[in-house]
Amino acid sequence: MSSPSSTPPAPEAAPAGRPGRGLRWLAAPAAAPRLPETEIGRRYPRLRLQVFIGIFLGYAGFYLIRNNISLIAPLLLDEGTITTVGIGIIGNAVLLAYGFSKFFSATISDRSNARYFLPIGLALSAVANLVVALVPAVSASVALFATVMFLNGWVQGMGWPPCGRVLVHWFSTNERGWKTAIWNTAHNVGGMGVGALAALGLAITGDSWQSAFWVPALGALVVAVIAFVLVRDRPEAVGLPPIEEYRNDPPKVETDLGELQESSYWRIIVKHVLLNPTMVFLALANVFIYSLRYGVLSWAPTYLADHHGMSLAQGIAGFSLFELAGIFGTLACGWVSDRVFHGNRSWTGITFMVGVGVFLVAYWLAPVGTPYWLLMVFLFFIGAFIYGPVMLIGLQALDMSARHVAGTAAGFTGLFGYVFGATLASTGVGWVVHEFGWGATYGLLTISVVLTIVLLLCVLPREKRLMAHHRSLSAERSEEPRV
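Residues numbered from 1 in each chain as written. Predicted model: local features only at pLDDT ≥ 70, side-chain atom pairs only at ≥ 80, totals over all residues. Heavy atoms only, no water.

### Comments concerning the overall build of the chain
For the chain, the count of helices and strands is 20 helices and 0 strands. Put simply, of all contacts in the chain between residues at least 6 apart along the chain, 85% involve residues at least 24 apart. Here the chain has roughly 19000 Å² of accessible surface; of this, 69% comes from carbon and sulfur atoms. (Helix = DSSP H or I, 4+ residues; strand = E, 2+ residues; numbered from the N terminus. Contact = heavy atoms within 4.5 Å. Areas by Shrake-Rupley, 256 points an atom, 1.4 Å probe, with all protein chains shown as cover.)

### Quick notes on helix H14 (residues 277-297)
Because an α-helix packs 3.6 residues into every turn, residues spaced three or four apart end up facing the same way. Taking 1.5 Å per residue, 21 residues should reach 30 Å; H14 reaches 30 Å between its end C-alpha atoms and fits that length. Of all 21 residues making up H14, 16 are buried, and the element is well covered by its neighbours. For H14, the side-chain oxygen to backbone nitrogen distance between the N-cap and Thr278 is 2.9 Å, and the N-cap itself is Asn276. (Expected span 1.5 Å × (residues − 1). Buried < 20%, exposed > 50% of the residue type's maximum accessible area, 1.4 Å probe, protein only. Polar contact = N/O pair within 3.5 Å; in protein donor to acceptor, adjacent residues only side chain to side chain.)

### Points about helix H8 (residues 173-184)
Across its 12 residues, H8 extends 17 Å between first and last C-alpha, which sits within 8% of the 16 Å expected from 1.5 Å per residue. Along H8, the residues that are buried comprise Thr173, Glu175, Arg176, Gly177, Thr180, Ala181, Trp183 and Asn184.

### What about the nonpolar core?
The biggest cluster of nonpolar side chains holds 98 residues, and the ones touching the most others in it are Trp170, Trp183, Met353 and Tyr363. For this core, the element with the most residues is helix H19 (residues 406-436), which contributes 12 residues. Among residues more than four places away in sequence, those in contact with Trp183 are Phe52, Ile55, Phe56, Tyr59, Trp160, Cys163 and Leu167. Counting 22 residues, the second largest nonpolar core, distinct from the first, contains Ile82, Ile87, Ala198 and Leu202. (Core = buried A, V, L, I, M, F, W, Y, C linked by side-chain atoms within 4.5 Å.)

### Here we look at the packing of helix H1 (residues 37-63) against helix H4 (residues 114-134)
Viewed as axis vectors pointing N to C, H1 and H4 meet at an angle of 20°, and their least axial separation amounts to 10 Å. If you check the angle between H1 and H4, you find them roughly parallel. In terms of crossing hand, the pair formed by H1 and H4 is left-handed. Counted together, Gly58, Gly61 and Phe62 of H1 and Leu118, Gly121 and Leu122 of H4 form the full contact between these two elements. Its residues assigned to classes, the contact of H1 with H4 shows 3 nonpolar, 3 polar and no charged. (Axes fitted to C-alpha atoms, helices over the stretch in contact; angles between N-to-C directions. Parallel < 35°, antiparallel > 145°, perpendicular 65-115°, else oblique. Left-handed = near helix turned anticlockwise from the far one by under 90°. Nonpolar A, V, L, I, M, F, W, Y, C, P; charged D, E, K, R; others polar.)

### Topic: unusual backbone geometry
Here the phi dihedral of Asp207 falls at roughly 65°; this positive angle occurs in a residue that is not glycine. Note that Asp207 resides in the loop between helix H9 (186-205) and helix H10 (211-230). Phi angles above zero are rare outside glycine, and His342 is one such case at about 50°. Structurally, the position occupied by His342 is in the loop between helix H16 (312-340) and helix H17 (345-365). Accessibility expressed as a relative area gives 55% for His342, which makes it exposed.

### Some words on a nonpolar patch on the surface
A cluster of nonpolar residues, Leu96, Phe100, Phe104, Phe150, Leu151 and Trp154, forms a patch on the protein surface that exposes about 530 Å² of accessible area. Contributions of two or more residues to the nonpolar patch are made by helix H3 (84-109) and helix H6 (142-156). In this fold, Phe100 is placed in helix H3. Here Phe100 falls in the partly exposed class, since its relative accessible area comes to 37%. (Patch = residues over 30% accessible without salt bridge, like charges linked within 9 Å, V, L, I, M, F, W, Y side chains within 5 Å. Salt bridge = Lys/Arg side-chain N within 4 Å of Asp/Glu carboxyl O.)

### Here's the deal with the packing of aromatic side chains
Enumeration according to the criterion identifies 31 aromatic pairs in this entry. Seen from their ring centres, Phe412 and Phe416 are 5.1 Å apart, and the 65° between their planes marks the pair as edge-to-face. Taken as a pair, Phe412 and Phe416 lie in helix H19 at a separation of 4 residues, close to a single helical turn. What makes Phe412 buried here is its relative accessible area of 7%. The structure contains a cluster of three or more aromatic residues connected by ring pairs, namely Phe103, Phe104, Trp154, Phe412, Phe416 and Phe420. The ring of Tyr63 carries the charged tip of Arg66 above its face, separated from the ring centre by 4.1 Å. Directly above the ring of Tyr98 sits Arg66, whose terminal nitrogen or CZ lies 4.1 Å from the centroid. (Phe/Tyr/Trp six-rings, centres within 6.5 Å; stacked < 30°, edge-to-face > 60°. Lys NZ or Arg CZ within 6 Å of the ring centre and 35° of its normal.)

### Topic: the pattern of salt bridges
One pass over the full model with this rule turns up 8 salt bridges. Here Arg42 makes a salt bridge to Glu39, at a shortest N to O gap of 2.5 Å. Here the residue Arg42 and the residue Glu39 both occupy positions in helix H1, the gap between them amounting to 3 residues, near one helical turn.

### Quick word on the environment of Tyr59
Locating Tyr59 in the fold gives a position in helix H1. Through-space distance from the C-alpha of Tyr59 to that of Gly190 is 7.8 Å; in sequence the pair is 131 residues apart. In this structure Tyr59 touches Arg66, Tyr98, Gly159, Trp160, Cys163, Trp183, Ala186 and His187, once residues within four positions along its chain are discounted.

### Focus on the packing of H1 against helix H7 (residues 160-170)
Contact geometry of H1 with H7 gives a least axis separation of 10 Å together with a crossing angle of 160°. What the angle tells us is that H1 and H7 run roughly antiparallel. Remark: the crossing between H1 and H7 carries left-handed chirality. Residues Tyr44, Leu47, Arg48, Val51, Phe52, Ile55 and Tyr59 of H1 form the contact with H7, whose own contacting residues are Trp160, Cys163, Val166, Leu167 and Trp170.

### As for the side chain of Ser139
In this fold, Ser139 is placed in helix H5 (residues 136-139). Given the relative accessible area of 17%, Ser139 is considered buried. A polar side-chain atom of Ser139 sits 3.2 Å from the main-chain carbonyl oxygen of Pro136. Once residues lying within four places of it in the same chain are set aside, the contact partners of Ser139 are Phe145 and Trp209.

Below you can see the structure in the form of structure tokens.
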């Protein structure tokens, strides 16, 4: 992580390294000549809204085609062409590929043009879904099906990093929590959209499962085109000043321009991400946050049926309510982060994790016979509180990294969350339930809450120092005479 500097940020240097000799066209564009002040005042607000809409719709598009097999699993099982084990293998292939790709794609995205990177990833994912739907040999073999979905998961990893890059370059520190929270609800919008498109496809094709892949894929291709039209890589590329200068809101971490010119990109990543204690703490915290998110969400129908005697329909309703709560919780978390804690993401995350712990314990210790509506209240608030920290970890990685490695830092935390956290929540929780029962399971999930809070407390001192530096820079700039 770059050391704080008291000097104003200089114009952005060319990114360290390139995506590759054959991919020079994908590289981040050079800075354009600065526009006149009157033109800057007119264009900046409009383009900020435009690129925000672009990354919101673009990221929602990825959720139309991420892992649609779960929607049509009953149809595949009825056909007898695939077993529950096969469905699990295919689903895990997407999960693992996405976790690794979110990190490795970010190392390319940080040096690439977000306007190209995001739509290309979305289009490639749509193609993978079309292959599943239109090539019969794919669904005839679990191995081939899983391979195609692994590739789908890999290009799915091209969605988050360019969005993070756009958020860092177009929205400054003091507003980024609220803006990121709004953007983060795109995955809920996409999740609702895939259900609607899959239902439409099944209705018009007489329950042909392939339609749950090709109809959303066509929708995703349309979204990819819209994203390409709307997104711009960064303000400097279109003749506008850096966002920190435009809003007089310096970053928490300055970019070392000399390092960009002198060091290889991978050396910069090792220094600022892999060997950075703050990023390691955030990545480990993400393991426990994702364990909680999927440990409660994925097992809610089973827990409610097995322990409380609820019907499958009631369990699925709880699953949906948990996801719906995430929209409200994410927005609330972003607002609290910016307005109450004034950009201190660690205190915000700790506050929300305490909320998770309170309602998780209430959900766990609710005796058999507890009214269904009360169990739904507990689930709702667990979902509302956990989705805030899910969003915040990525935001903290963006905030506490220099701009040239921000996407990679966020991808690093995502790698830990998906590959380790989500795995613990699936196979780990399943094993603990089988061997020791639900009491031990929720006891371990409660310990995960405590460990997350401890890790965020480890990040807190560093964030306080960066925020103090940020305030001093803001004060200095406010006192500077305007030319």
